[in-house]
Amino acid sequence: MNSAVSHESKGYPSKLRHRTRFLILFICLLCLAISQSNTLTLNFTIICMSTSYNVTSMDFLMNKRILEKRYLYSASESNSLFSAVAIGAITAVYPFMYIIQKTGSHAVVTLVGFFSALTTALIPWMAYLGYYPLLAMRFFQGMGLSTGFTLIGIVTRQWSMQAQGAFFFACLSCFFQLGPIFTMPVSGALCTSSIGWPSVYYVHSLVTILIFTVFFVFYRENPISHKLVTQLELSKIQRGKRETKRQPVPLRQILKDPVVLSIWATALANFMGIQLTMQFSPTYLHKILGFSVKDTGPFSALPQVITAFVKVSAGYSADKLGCCSPNTSVRIFNSLALGGMSLTFLGLAYIPTSHPYMGLWMLVVSCAIIGFNCGGFFRCSAIYAAQHNHFVMGMNSFLNCLAALIAPVFVNFFVKYDTWNECVPVLCKRVASRVDQDG
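All values derive from a computational prediction rather than experimental measurement. (Residues numbered from 1 in each chain as written. Predicted model: local features only at pLDDT ≥ 70, side-chain atom pairs only at ≥ 80, totals over all residues. Heavy atoms only, no water.)

Caption draft 1: Expanded view of the environment of N79. Tracing the backbone shows N79 in helix α3 (residues 75-103). Of the residues examined, N79 reaches a relative accessible area of 9% and is grouped as buried. The spacing of N79 and V411 is 332 residues in sequence and 8.7 Å in space, taken between C-alpha atoms. Those residues in contact with N79, other than ones at most four positions away along the chain, are F280, P408 and N412. (Helix = DSSP H or I, 4+ residues; strand = E, 2+ residues; numbered from the N terminus. Buried < 20%, exposed > 50% of the residue type's maximum accessible area, 1.4 Å probe, protein only. Contact = heavy atoms within 4.5 Å.)

Pasting the structure below:
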């Protein structure tokens, strides 16, 4: 037995014995979620930044001077600020993936996390200096997202049992939902408080430092090298798996593989839908449906709460489903996720602003149904790519960033003034005429 693996570690809490993999799962989920949260802070605070504050308190961290200034951005400038995150992430994905392939994920992910904390804390100061310093800092902030999917691929391959792969994917991919669940209500509360919107960034930065410090202390890339993993747990994790050591990636074969290409095509469609709802839910709820800033925070988080529940339930079901083959199961879950989101998006286009709560619940459904993706292309990637899944997932990270880049451009093409009747010109005119006829 490897000396690093203890059969019955003395002092090891009995409730955690043989369950270290779930501790690693939880810590990595928090790291992914806070990195996502950091990039979403501007999506909410941009609503508050257009208002100047009358501040009488001490000028701590330039907070007084920052709050006394108004920050007004055009639609194209706002979309550029959103897109800069994606560009930063795209730029860093493959360099960091290469470094992780050579050196491992422990130190790289930790450093990227601390860098995300630093850039988030600097956002208010850069906004005070001007639009272009803020744009540059958003670019650097996006680099904090670049290791996310690579980490998901590594943790799922190295730490999950063979029969828990979809469940691990489901839990880790919940960072998409956990990030907004934390950011939107916290941002809503802090934006309307006396300390103002800069505190949103400082709080996120402090939480990021705390979480990644815990990650550095407890995370190891391989369970064999973790002192808290017992021999029983190690045998469970390794049962039925092929070689788990890092191997050279057969790049040419992967890029030509039709299954992998279909995974990536599905991933791009999936991420386009997610990015549309994630980036523009606050704007849609506040400016289109007319909810107050105070209500927009929790209402933006509500779809993500339900999506997280659907995702974990779907991941568990995908692992336990015995009525059909894995191939059939993947097709069913994929169709539910992407087909369901497409139909609910059409429903959103038809709901007028006179029914805001109907629009809210349709938004909830459109977000929640995509939770079935963990049993679809995510699971297919884990089964098919095996030890090279970290590379396939790294490409998914690139596609997620690409979707984050395209989504604002796509929205800006149709929406210039954040009004309901310009969303899809032909469709909205027809709906508007029907509403007028109905009185």
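Caption draft 2: Highlighting the side chain of Q36. Tracing the backbone shows Q36 in helix α1 (residues 20-48). Sequence-distant contacts of Q36, defined by excluding residues within four places in its chain, comprise L145, F175, F176 and M278.

Caption draft 3: Up close: the packing of helix α4 (residues 106-129) against helix α5 (residues 131-142). Where α4 contacts α5, the two axes come as close as 8 Å, and the packing angle between them is 170 degrees. Of the possible angle classes, the one that applies to α4 and α5 is roughly antiparallel. On α5, the residues touching F115, T119, T120, L122, I123, M126, A127 and L129 of α4 are P133, L134, M137, R138, F140 and Q141. In the contact of α4 with α5, the residues fall into ten nonpolar, three polar and one charged. (Axes fitted to C-alpha atoms, helices over the stretch in contact; angles between N-to-C directions. Parallel < 35°, antiparallel > 145°, perpendicular 65-115°, else oblique. Nonpolar A, V, L, I, M, F, W, Y, C, P; charged D, E, K, R; others polar.)

Caption draft 4: A look at the packing of aromatic side chains. For the coordinates displayed, the defined rule picks out twelve aromatic pairs. Ring centres of W197 and Y201 lie 6.1 Å apart, and the angle between their planes is 85 degrees; this geometry places the pair in the edge-to-face category. This pair shows no difference in class: W197 is buried, exactly as Y201 is. Taking 4.5 Å as the distance between ring centres and 15 degrees as the angle between the ring planes, the aromatic pair formed by F215 and Y219 counts as stacked. Given a relative accessible area of 0%, F215 falls into the buried group. Judged by its relative accessible area of 1%, Y219 is buried. (Phe/Tyr/Trp six-rings, centres within 6.5 Å; stacked < 30°, edge-to-face > 60°.)

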